[in-house]
Amino acid sequence: MTTHVPGARRPVPLVYTDEVATALAAGDPVVALESNVITHGLPYPDNAATARKVEQAVRAGGAVPATFGVDGGRILVGMADTDIERFAATAGIPKVSSRDLPVVLAAGTPGATTVASSLVAAELAGIPFFASAGIGGVHRGAETSMDISSDLIQFTRSKVAVVCAGAKKILDLGLTLEFLETHCVPVISYGFDDFPAFYCRSSGLRAPHRLDDETLIARAVETHWALGNGGAVLVTSPTTEEDAIDGDEIEAAIAQALRSAARGGVRGGAVTKDVMRAVDRATEGRSAAANAAVLVHTAEVGGRLAAAHSEYRRQENR
Ligand code: PSU
Ligand code: MN
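Residues numbered from 1 in each chain as written. Chains lettered and ligands numbered in written order. Predicted model: local features only at pLDDT ≥ 70, side-chain atom pairs only at ≥ 80, totals over all residues. Heavy atoms only, no water.

(A) Main features of the overall build of the protein. Helix and strand counts for the protein come out as 13 helices and 14 strands. Overall size of the protein, expressed as C-alpha extent along the three principal axes, is 55 × 45 × 35 Å. With 318 residues in all, the protein has 53% of them scored as buried. Restricting to contacts in the protein with at least 6 residues of sequence separation, those with at least 24 account for 73%. Carbon and sulfur atoms provide 52% of the accessible area of the protein, an area that totals close to 13800 Å². Computed over 29 positive and 37 negative side-chain charges, the inter-centroid distance for the protein is 5 Å. (Helix = DSSP H or I, 4+ residues; strand = E, 2+ residues; numbered from the N terminus. Buried < 20%, exposed > 50% of the residue type's maximum accessible area, 1.4 Å probe, protein only. Contact = heavy atoms within 4.5 Å. Areas by Shrake-Rupley, 256 points an atom, 1.4 Å probe, with all protein chains shown as cover. Lys, Arg positive; Asp, Glu negative; His and termini not counted. Charge placed at Lys NZ, Arg CZ, Asp CG, Glu CD.)

Structure below.
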């Protein structure tokens, strides 16, 4: 089903799968998902298998998954299994952040959405929940490189709840939290004291807020928007203890990967992927397995929280 965004002077076509369109029309819970993790996160065919597991996890949580992609000048709101396979198997589909979206849509070429561009798409598509294992953040050394992920800027612009396991320790997580604080983005840790660090349970930093109840989280999200804020609410959940990697264990690998990226002149949008891949290599299979586990975990929690949020809206509107 194709829809044009209402009120847009130059309409952006959104192509919904039937399942997503039906769920949204009924007010049933939907969780938006990015596709950059498919094209740039893991090698084929692990990426396709993981993308399917992530969609199943959203369903297990009680919501309908909507994986975004860009193709033929349109935004895919939900991918059919053939789309997932195509995005996973095709080399060279570029990473598309919000700043790239207008160009790629105009050119009509395929693209994989990051957290930032997924939030743009989620708001256009009317999906209030998005899940991703790891958000972008303030990079280490950003005081000279100025490398700050557009994900953080987009949080100040898109009215979407973002469920994640924090961000990878390749970033400066202290500065990432400072940035979110300055830009008035609420950060709620669900059932845990600390801000998590992707496949490490804790970043060693306290989360600004902790809530243990899914309905209370739904209320906090709605209240943020009722207060007139147009941006995101970040809800974090750490990976399980069994699947977690010890933070100190990977610190040496991260430091090494960052040094070699700097020596190799890796810059801009390429940094995140380059360093993540190097850390994965250095920790061998361990981080790959932990990586898949945290993706599935956040998708499942995203499904549960979206379900609680949809129920909360239903109760409020009765
Ligand atoms: N951080 C992770 N895993 C990821 C990404 C970030 O721990 O896969 C991806 C996401 O798609 C995120 C993007 O939106 O990288 C951020 O890239 P950049 O730092 O270039 O903004
Ligand atoms: Mn960057």
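Next comes the rest of the account.
(B) Highlighting the packing of aromatic side chains. Inspection of every chain in the model, using the stated rule, returns one aromatic pair. For the ring pair phenylalanine 198 and tyrosine 199, a centre distance of 5.2 Å and an interplane angle of 70° mean the geometry is edge-to-face. Taken individually, phenylalanine 198 and tyrosine 199 each receive the classification buried, so the pair is uniform in this respect. (Phe/Tyr/Trp six-rings, centres within 6.5 Å; stacked < 30°, edge-to-face > 60°.)

(C) Representation of the nonpolar core. Of all hydrophobic cores here, the largest spans 83 residues; its most connected members are Val77, Ile127, Ile135, Phe155 and Leu234. For this core, the leading source of residues is helix α13 (residues 285–316), giving seven residues. With sequence-adjacent residues up to four places away left out, isoleucine 135 is seen in contact with Val115, Asp151, Leu152, Phe155, Val162, Cys164, Gly166, Ala167, Leu171 and Leu234. By size, the runner-up hydrophobic cluster in this structure holds eleven residues, among which are Ile38, Met79, Ile93 and Ala112. (Core = buried A, V, L, I, M, F, W, Y, C linked by side-chain atoms within 4.5 Å.)

(D) Seen up close, the pattern of salt bridges. Under the criterion given, the structure shown has 16 salt bridges. A salt bridge links arginine 52 to glutamate 85, with the nearest nitrogen and oxygen atoms 2.9 Å apart. Within this pair, whereas arginine 52 is found in helix α3 (residues 46–61), its partner glutamate 85 is found in helix α4 (residues 81–89), the two being separated by 33 residues in sequence. Given the relative accessible area of 26%, arginine 52 is considered partly exposed. (Salt bridge = Lys/Arg side-chain N within 4 Å of Asp/Glu carboxyl O.)

(E) Structural context of the site of ligand 1. Surveying the vicinity of ligand 1 reveals 16 residues, the closest of which are Glu34, Lys95, Ser149, Asp151 and Thr272. In this structure, asparagine 36 approaches ligand 1 through a side-chain N or O atom, which is 2.9 Å from an oxygen atom. Between ligand 1 and threonine 272 there is a distance of 2.7 Å, counted from an oxygen atom to a side-chain nitrogen or oxygen. Looking at the shell around ligand 1, the elements that each hand over two or more residues are α8 (150–155) and α12 (270–282). Of the residues assigned to the shell around ligand 1, the class counts are four nonpolar, eight polar and four charged. (Near = heavy atom within 4 Å. Polar contact = N/O pair within 3.5 Å; in protein donor to acceptor, adjacent residues only side chain to side chain. Nonpolar A, V, L, I, M, F, W, Y, C, P; charged D, E, K, R; others polar.)

(F) Just α12, in detail. With 13 residues, α12 ought to run about 18 Å at 1.5 Å a step, and its terminal C-alpha atoms sit 18 Å apart, in line with that. The set of residues buried in α12 consists of Val271, Val275, Ala278, Val279 and Asp280. Remark: glutamate 284 follows α12 within two positions and exhibits a positive phi of approximately 55°. (Expected span 1.5 Å × (residues − 1).)

(G) Structural view of the packing of helix α11 (residues 247–263) against α12. At a closest axis distance of 9 Å, the pairing of α11 and α12 adopts a crossing angle of 135°. Relative to α12, the element α11 is oriented oblique. Considering only the axes of α11 and α12, their crossing is right-handed. Where α11 approaches α12, its residues Ala253, Ile254, Ala257, Leu258 and Ala261 are matched on the opposing element by Asp274, Val275, Ala278, Val279 and Ala282. Broken down by class, the residue content of the contact of α11 with α12 amounts to nine nonpolar, no polar and one charged. (Axes fitted to C-alpha atoms, helices over the stretch in contact; angles between N-to-C directions. Parallel < 35°, antiparallel > 145°, perpendicular 65-115°, else oblique. Left-handed = near helix turned anticlockwise from the far one by under 90°.)

(H) Broad picture of the environment of leucine 175. Secondary-structure assignment places leucine 175 in helix α9 (residues 173–182). Residues leucine 175 and serine 260, spaced 85 residues apart in sequence, show a C-alpha to C-alpha distance of 22 Å. When sequence neighbours within four positions are dropped, the list of residues in contact with leucine 175 reads Val138 and Glu143.

(I) Just unusual backbone geometry, in detail. The residue after tyrosine 44, namely proline 45, is reached through a cis peptide bond having omega 5°. In this structure, methionine 146 takes a positive phi of about 60° despite not being glycine. As for its placement among the helices and strands, methionine 146 is situated in the loop between α7 (142–145) and α8. Look at methionine 146 and you get exposed, because its relative accessible area is 69%. The backbone phi angle of phenylalanine 198 is positive, close to 60°, even though this residue is not glycine.

(J) Just the side chain of serine 310, in detail. The topology assignment puts serine 310 in helix α13. Among the polar contacts listed, one links the side chain of serine 310 to the backbone oxygen of glycine 27, at a separation of 2.9 Å. Apart from the residues within four sequence positions on either side, serine 310 is in contact with Gly27, Asp28 and Pro29.

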